[in-house]
Amino acid sequence: DAKTTQPPSMDCAEGRAANLPCNHSTISGNEYVYWYRQIHSQGPQYIIHGLKNNETNEMASLIITEDRKSSTLILPHATLRDTAVYYCIVRTSGTYKYIFGTGTRLKVLA
Amino acid sequence: DAGVIQSPRHEVTEMGQEVTLRCKPISGHNSLFWYRQTMMRGLELLIYFNNNVPIDDSGMPEDRFSAKMPNASFSTLKIQPSEPRDSAVYFCASSYWTEETQYFGPGTRLLVL
């Protein structure tokens, strides 16, 4: 599985968009990009995933570059409850293994 | 719609005691996963079941760890005997099928004294 690189921490003002980057330069054609987050003392929560097209759901948007070597998770209007560790995971299609890295600790500031 | 249910949420025990963690996956999900999370090692997959059958237990750290899934709605992870280094948060996750999105439970925080 391709490895991912994320900044260890980020701050974002409440109400502003939070843009969380992820590098996955060794990603291959059949690998998906998944995003989860883990709020303190809770289980990882699924946010969104994609293969090559940009994706949007009620929680977030996922922008994947054309070469697929990086992606950005966008929380359009961050709230204090979005403070969490965000994990970017690359997973091969048809497999079950998630390789969780160290993630980005996002702090939303009032 | 109930998510993955785990019990107990917190467990404190003494070294040498048996510990049993329980998980109820989301109804209709065929795959179940046990993970362990520590500060040092992050989130690690311990074992994976598909249709109640263990498929991959390569992440189980030692013979002291065992997991069962007697039916589609229940799984256990047992540690016997427990050791202080087993202290961690243990998560159960389930998915509709093997390669589908995994949904995690709230975890069991285990402290072995």
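Residues numbered from 1 in each chain as written. Chains lettered and ligands numbered in written order. Predicted model: local features only at pLDDT ≥ 70, side-chain atom pairs only at ≥ 80, totals over all residues. Heavy atoms only, no water.

Peer 1: What's the story with the overall build of chain A in this structure? I'm lost.
Peer 2: Looking only at helices and strands, chain A has 0 helices and 9 strands in total. Start at the N end of chain A and walk to the C end: the helices and strands fall as β-β-β-β-β-β-β-β-β. The C-alpha atoms of chain A give a radius of gyration of 13 Å, which matches the 13 Å a tight globule of 110 residues would have. The buried share of chain A, taken over its 110 residues, is 44%. Within chain A, counting contacts between residues at least 6 apart in sequence, those at least 24 apart form 56% of the total. (Helix = DSSP H or I, 4+ residues; strand = E, 2+ residues; numbered from the N terminus. Rg over C-alpha atoms; globule rule 2.2 N^0.38 Å. Buried < 20%, exposed > 50% of the residue type's maximum accessible area, 1.4 Å probe, protein only. Contact = heavy atoms within 4.5 Å.)

Peer 1: Explain the overall build of chain B here, please?
Peer 2: Across its full length, chain B holds 0 helices and 11 strands. Each helix and strand of chain B, ordered N terminal to C terminal, gives the series β-β-β-β-β-β-β-β-β-β-β. For 113 residues, the compact-globule formula gives about 13 Å, and the C-alpha radius of gyration of chain B, at 13 Å, lands near that figure. When its C-alpha atoms are laid out on the principal axes, chain B stretches across 35 × 30 × 25 Å. The burial tally for chain B puts 48% of its 113 residues in the buried class. Taking all contacts inside chain B whose residues are at least 6 apart in sequence as the whole, residues at least 24 apart take part in 55%.

Peer 1: Help me understand the pairing of strand E3 (residues 19-24) of chain B, please; the structure alone is not making it clear to me.
Peer 2: Each regular strand shows side chains that alternate between the opposite faces of the sheet. Residue and element names in this part refer to chain B. Relative to E3, strand E1 (residues 5-7) runs antiparallel, the two sharing 3 bridges. Its bridge partner being in E3, Ser7 is matched across the sheet by Arg22. With 5 bridges joining them, E3 and strand E8 (residues 74-79) adopt antiparallel strand pairing. In the sheet register, Leu21 faces E8, and the bridge partner there is Leu77. (Pairing = 2+ DSSP bridges.)

Peer 1: What exactly am I supposed to notice about the packing of aromatic side chains here?
Peer 2: Working definition: an aromatic ring pair is given by the centre-to-centre distance plus the angle between the planes. All chains considered together, the criterion is met by 17 aromatic pairs over all chains. Where Tyr98(A) meets Phe100(A), the ring centres are 6.0 Å apart and the plane angle is 65 degrees; that geometry is what we call edge-to-face. The two residues Tyr98(A) and Phe100(A) agree in class, both being buried. Each ring, one from Tyr35(B) and one from Phe104(B), has its centre 5.1 Å from the other, and the planes form 45 degrees; the classification is tilted. Of this pair, Tyr35(B) sits in strand E4 (residues 31-38) while Phe104(B) sits in strand E10 (residues 103-104); the two residues are 69 residues apart in sequence, bridging distant segments of the chain. The pair formed by Tyr35(B) and Phe104(B) is uniform in burial state, with each residue classed as buried. Among the aromatic residues, ring-to-ring pairing joins Tyr32(A), Tyr34(A), Tyr36(A), Tyr46(A), Tyr87(A), Tyr98(A), Phe100(A), Tyr35(B), Phe91(B), Tyr103(B) and Phe104(B) into one connected group. (Phe/Tyr/Trp six-rings, centres within 6.5 Å; stacked < 30°, edge-to-face > 60°.)

Peer 1: Explain the pattern of salt bridges here, please?
Peer 2: A side chain with one charge can pair with a side chain of the opposite charge if their charged atoms come near. Residues and elements named next belong to chain B. Within the structure shown, the criterion is met by 10 salt bridges over all chains. Among the salt bridges present, the one from Lys78 reaches Glu18, with a minimum N-O distance of 3.9 Å. Residue Lys78 is located in strand E8, and its partner Glu18 is located in the loop between strand E2 (10-13) and E3; the two are separated by 60 residues in the primary sequence. With relative accessibility at 44%, the residue Glu18 sits in the partly exposed group. Across the salt bridge formed by Glu83 and Arg64, the nearest N and O atoms sit 3.6 Å from each other. (Salt bridge = Lys/Arg side-chain N within 4 Å of Asp/Glu carboxyl O.)

Peer 1: Got a minute to help me understand the environment of Val4(B) in this structure?
Peer 2: Residues and elements named next belong to chain B. Its place among the elements puts Val4 in the segment before E1. Residue classification places Val4 among the buried residues on the basis of a relative accessible area of 8%. It is 9.9 Å that separates the C-alpha atoms of Val4 and Leu32, two residues lying 28 residues apart in sequence. Once you skip the residues sitting within four places of it in the chain, Val4 turns out to touch Cys23, Lys24, Pro25, Ile26, Cys92, Ser94, Tyr103, Phe104, Gly105 and Pro106.

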